Amino acid sequence: MPNLSHHARRLRDVADALEAQSEPADDPLTPHPDTLAVVSDRRIKRGQLNYAVPDILQLQRRIRRYNADHDVPHGDIVALALDSWLRAKGYPPDLTPPQAETS
């Protein structure tokens, strides 16, 4: 009898990825509820994201204007935008917390 455990594991991975995606919204850029919870939690560790982007897109100016109009922190704007785009492309995050080490 063939060992199908590899296939079962892959099916669980696919099911987990599908569960992590939200139902399609009218607006494809609507942030996922899990992402909103993460972004609003100021106790969650944050990291710097540095990438060179084309100046002609005026991303920094546009982020500053959105911040001024909506009072959303710059990092949250970037996190929400990138997360929405990556989820739409099929790359949801694994939001499970790392397992605590037992000694």
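Above this text is the structure in question.
Before going into details, it helps to say that this report is about the structure given with it. This structure is a prediction, so every number in the text was calculated from the model and none was measured. (Residues numbered from 1 in each chain as written. Predicted model: local features only at pLDDT ≥ 70, side-chain atom pairs only at ≥ 80, totals over all residues. Heavy atoms only, no water.)

### Let's talk about a positive patch on the surface
For the record, the criterion: Patches in this entry comprise residues that are over 30% relatively accessible and not in a salt bridge; like charges within 9 Å are linked, as are nonpolar side chains (Val, Leu, Ile, Met, Phe, Trp, Tyr) within 5 Å. Per-residue and other accessible areas were derived by the Shrake-Rupley procedure at a 1.4 Å probe size, with only the shown protein chains allowed to occlude residues. Here, a salt bridge means any side-chain nitrogen of Lys or Arg that lies within 4 Å of a carboxyl oxygen of Asp or Glu. Positive charges are assigned to Lys and Arg, negative charges to Asp and Glu, while His and the chain termini are left out of the count. In this description, the location of a charge corresponds to atom NZ of lysine, CZ of arginine, CG of aspartate or CD of glutamate. The helix count covers DSSP runs of H or I at least four residues long, the strand count covers runs of E at least two residues long, and both are numbered beginning at the N terminus. Throughout, exposure labels follow a simple rule: accessible area from a 1.4 Å probe, protein chains only, divided by the maximum for the residue type, with under 20% read as buried, over 50% as exposed, and the rest as partly exposed.
There is a patch of like positive charges on the surface, built from Arg61, Arg62, Arg64 and Arg65. Here Arg61 lies in helix 3 (residues 59–70). Arg61 sits in the partly exposed class, given a relative accessible area of 34%.

### Observations regarding the environment of Leu49
Worth spelling out the cut-off: Residues count as neighbours in contact if any of their non-hydrogen atoms are within 4.5 Å of one another.
Tracing the backbone through its elements, the reader meets Leu49 in the loop between helix 2 (33–40) and helix 3. Looking at Leu49, the relative accessible area reads 46%, which means it is partly exposed. Leu49 sits 29 residues away from Val78 along the chain, and the two C-alpha atoms are 9.2 Å apart. Once residues within four sequence positions are removed from consideration, Leu49 is found in contact with Val78 and Leu82.

### Some words on the side chain of Thr35
Of note, Thr35 is situated in helix 2. Setting aside residues no more than four positions away along its own chain, Thr35 makes contact with Leu80, Asp83 and Arg87.

### Here's the deal with the packing of helix 3 against helix 4 (residues 74–88)
Quick reminder of the rule: All axes are obtained by fitting lines to C-alpha atoms, using only the stretch in contact for helices, and the reported angles, taken between N-to-C directions, cover 0 to 180 degrees. Angles are sorted into four bins: roughly parallel if under 35 degrees, roughly antiparallel if over 145, roughly perpendicular if 65 to 115, and oblique for all others. Each crossing is labelled by how the near helix is turned from the far one, with a counterclockwise turn of less than a right angle marking it left-handed and a clockwise turn marking it right-handed. When residues are grouped by polarity, Ala, Val, Leu, Ile, Met, Phe, Trp, Tyr, Cys and Pro land in nonpolar, Asp, Glu, Lys and Arg in charged, and all others, Gly among them, in polar.
One way to put it is that helix 3 packs onto helix 4 with a least axis distance of 9 Å and a crossing angle of 110°. Of the possible angle classes, the one that applies to helix 3 and helix 4 is roughly perpendicular. The crossing of helix 3 and helix 4 is right-handed. Across from Ile63, Arg64, Tyr66 and Asn67 in helix 3, the residues of helix 4 making contact are His74, Ile77 and Val78. Broken down by class, the residue content of the contact of helix 3 with helix 4 amounts to four nonpolar, two polar and one charged.

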